[in-house]
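Listed here are the chains, written in short residue letters.
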Amino acid sequence: MHRDYLIIEGGRSLKGEVLVSGSKNSSLALIFASLLSEGESLLEGVPELLDVRNAIEILKFLGAKVKKVGNSLKILPKEIGCMAPDCLVRKMRASVMLIPPLLKRKGRAVVSMPGGCAIGVRPIDQHLKYFKRAGVEVEMEGGYLLLRGKKLRGCEFTFDRITVTGTMNALMLSSCIEEETYLHNVALEPEVLDLVEVLKKMGARISLKGRSALVIGKRDLKPFKHRVIPDRIEAGTLLVAGAITKGEVVLRGAIPEHLKSVIEALRRANQEVLLEDGKIYIRGKSPIKPLSLETREFPGFPTDMQAQFMALLCVAEGRSLIRERIFENRFKHVGELLRMGARIYVKGDLAQIEGVKKLYGAEVFSTDLRASAGLVLAGLRAEGITLVKDIYHLDRGYERLEEKLKKLGAKIERETQV
Ligand code: EPZ
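Residues numbered from 1 in each chain as written. Predicted model: local features only at pLDDT ≥ 70, side-chain atom pairs only at ≥ 80, totals over all residues. Heavy atoms only, no water.

### Quick look at the nonpolar core
Convention followed: For this analysis, a nonpolar core means a set of buried residues of the types Ala, Val, Leu, Ile, Met, Phe, Trp, Tyr and Cys, connected via side-chain atoms within 4.5 Å. Residue exposure (1.4 Å probe, protein chains only): buried if accessible area is under 20% of the type maximum, exposed if over 50%, otherwise partly exposed. We call two residues in contact whenever any of their non-hydrogen atoms come within 4.5 Å of each other.
In this structure, Met97, Leu98, Tyr130, Leu171, Leu173, Leu183 and Leu199 are the most contacted members of the largest nonpolar core, which totals 72 residues. Residues within four places of Met97 in sequence aside, it is in contact with Leu28, Ala29, Phe32, Thr165, Met168, Asn169 and Met172.

Rendered as structure tokens:
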């Protein structure tokens, strides 16, 4: 798997209908949230992803019983330990969401400090600041976080900056505390709201007003049954695939209001996007108009769609600008796009893209999940053959993307480097 790569012969217009898979980031949060109760929870519509398999491995390591039937997971976390397995946690930063359930169930948690990754340092200072305010003792030893939460308390807490998993952690822990917790400056990504729905099913009372949340938790949270929301980033990636190949693609199962800023950007780029009977239609049109984009927290333009749009704007008619405001190092795909003939200039958090007539196939290397997706999109458009290497990055967040693209008419194969 680590040596898999994709071979793409570009220049074909994609046509057809594709079903969007369940959300990676919602699935991860809900898999960890299931540990908040001892009962058996049922999660449906879970995508087949490396990160999801990792999360299941972590739960099994802790002692939970996990049964996978198709895209459904039955999780019975009757008895669990308090120490997350280092090797798995190091692979996946989302494991930081283990902390609330371990504190709730065991009164303490031992989790390896998540390291940085390709897109940035990604500290968790806001997570720890909330935990301390809620009465958790936090120590760091030998790269491990040691947390103790004997007497947790409700509190009023304002995030210094909006954080998705930071908000998820605060919602999960406060849902176990029978006092009032007021959270301000929370993230409102659809995946956060999906978690709110589940925590309410489990017995917590949560009311949201703007970016403030009032949470009144319960000591014994019930297990839940829930279908995960569709993955808005996979959906956005497939829409860009339709646009960049001047094709006609129909998305089934996506939720349009999760994609407002992406659809609006595609329309500004002269792409035809229609919403009809619950489906999203895109017809790629020429020319692709240049754009000025900046990534923002939801409902702004998502950072997880930045690399995909950069690929599209490489062949726009004119100069585009993309400002990456969420992560400090999320332009690693630029070097690889330059190898395909793109003209991009990066200065700090701003990328200036001069549209070119053509991209040319090349051997390119993935550096992170969404960069990998951007390179695949560029390969679909490029003249000739593109090899996208290190696609384990891609497998972390996309359920057999090459199969979906092949069904839409792409010439794309997965090979394993021997
Ligand atoms: C979540 O990461 C997603 N991951 C990311 O998706 C996504 O890119 C990101 O939110 C932004 O939308 C999951 O949900 C598992 P943040 P998260 O905390 O929660 C800084 C993908 O492609 N920050 O919202 O880790 C941080 O460094 C992945 O699916 C602090 O400074 O992101 C970053 O610059 C990639 N201190 C910014 O805030 C903190 O305590 C946003 O980070 C926390 C975050």
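### Side note on the side chain of Glu44
Let me state the cut-off plainly: Labels follow the DSSP assignment, with helices taken as runs of H or I lasting at least four residues and strands as runs of E lasting at least two, numbered in each case from the N terminus. Positive charge is attributed to Lys and Arg, negative charge to Asp and Glu, and no charge count is given to His or to the chain ends. Should a side-chain nitrogen of Lys or Arg be within 4 Å of a carboxyl oxygen of Asp or Glu, the pair is scored as a salt bridge.
Structurally, Glu44 is set in strand E3 (residues 41-44). The buried charged residue Glu44 lacks any salt bridge, with Arg227 as its nearest oppositely charged partner at 4.2 Å. Setting aside anything within four residues of it in sequence, one finds Glu44 in contact with Asn71, Ser72, Lys225, His226, Arg227 and Val228.

### Some remarks on the site of the ligand
Put simply, the test is: Proximity criterion: a residue is near a molecule or strand once any of its heavy atoms comes within 4 Å of it. Whenever two N or O atoms come within 3.5 Å, that pair is a polar contact, provided that in protein one can donate a hydrogen and the other can accept it, and provided that, for residues adjacent in sequence, both atoms are side-chain atoms. Per-residue and other accessible areas follow the Shrake-Rupley method at a 1.4 Å probe size, with only the shown protein chains counted as cover for residues. In this classification, the charged set is Asp, Glu, Lys and Arg, the nonpolar set is Ala, Val, Leu, Ile, Met, Phe, Trp, Tyr, Cys and Pro, and all remaining amino acids, among them Gly, are polar.
Around the ligand, the surrounding shell holds 20 residues, and the nearest of these are Asp125, Thr163, Thr165, Asp304 and Ile326. Residue Arg161 places a side-chain N or O atom 3.1 Å away from an oxygen atom belonging to the ligand. Here an oxygen atom of the ligand sits 2.8 Å away from a polar atom, N or O, in the main chain of Val164. For the ligand, the accessible surface in isolation is 820 Å², of which the surrounding protein chains cover 90%. Of all the secondary structure elements, the ones that give two or more residues to the shell around the ligand are helix H1 (24-33), helix H5 (125-133), helix H6 (164-174) and helix H12 (369-381). Among the elements that take part in the shell around the ligand, H5 stands out by supplying three residues, more than any other. The residue inventory of the shell around the ligand, partitioned by class, reads seven nonpolar, six polar and seven charged.

### Topic: the environment of Leu59
Secondary-structure assignment places Leu59 in helix H2 (residues 50-62). Residue classification places Leu59 among the buried residues on the basis of a relative accessible area of 0%. In this structure, the C-alpha to C-alpha distance between Leu59 and Lys129, residues 70 residues apart in sequence, is 26 Å. Every residue in contact with Leu59, bar those within four places of it in the chain, is listed here: Ile31, Phe32, Ser34, Leu35, Ala64, Val66 and Ile75.

### A short note on the layout of surface pockets
The test is simple: Both site types are read off a 1 Å grid over the protein atoms alone. A 1.4 Å probe that fits but cannot get out defines a cavity, while an open set with protein on both sides within 12 Å along at least five of seven lines defines a pocket; lining residues have an atom within 4 Å of a point. Grid points are joined across faces, edges and corners, and a volume is the space filled by probe spheres set on the points.
Taken as a whole, the second largest pocket encloses approximately 440 Å³ of empty space. Every residue lining the second largest pocket is counted, 22 residues in all, and those nearest its centre are Leu19, Val20, Ser21, Glu399 and Lys404. When contributions to the lining of the second largest pocket are tallied by element, the ones reaching two or more residues are strand E2 (15-19) and helix H14 (401-407).

### Examining the environment of Gly242
Along the polypeptide, Gly242 turns up in helix H8 (residues 232-244). Classification of Gly242 by relative accessible area gives buried; the value is 0%. Once the C-alpha coordinates of Gly242 and Tyr281 are considered, the two residues, 39 residues apart in sequence, prove to be 9.1 Å apart.

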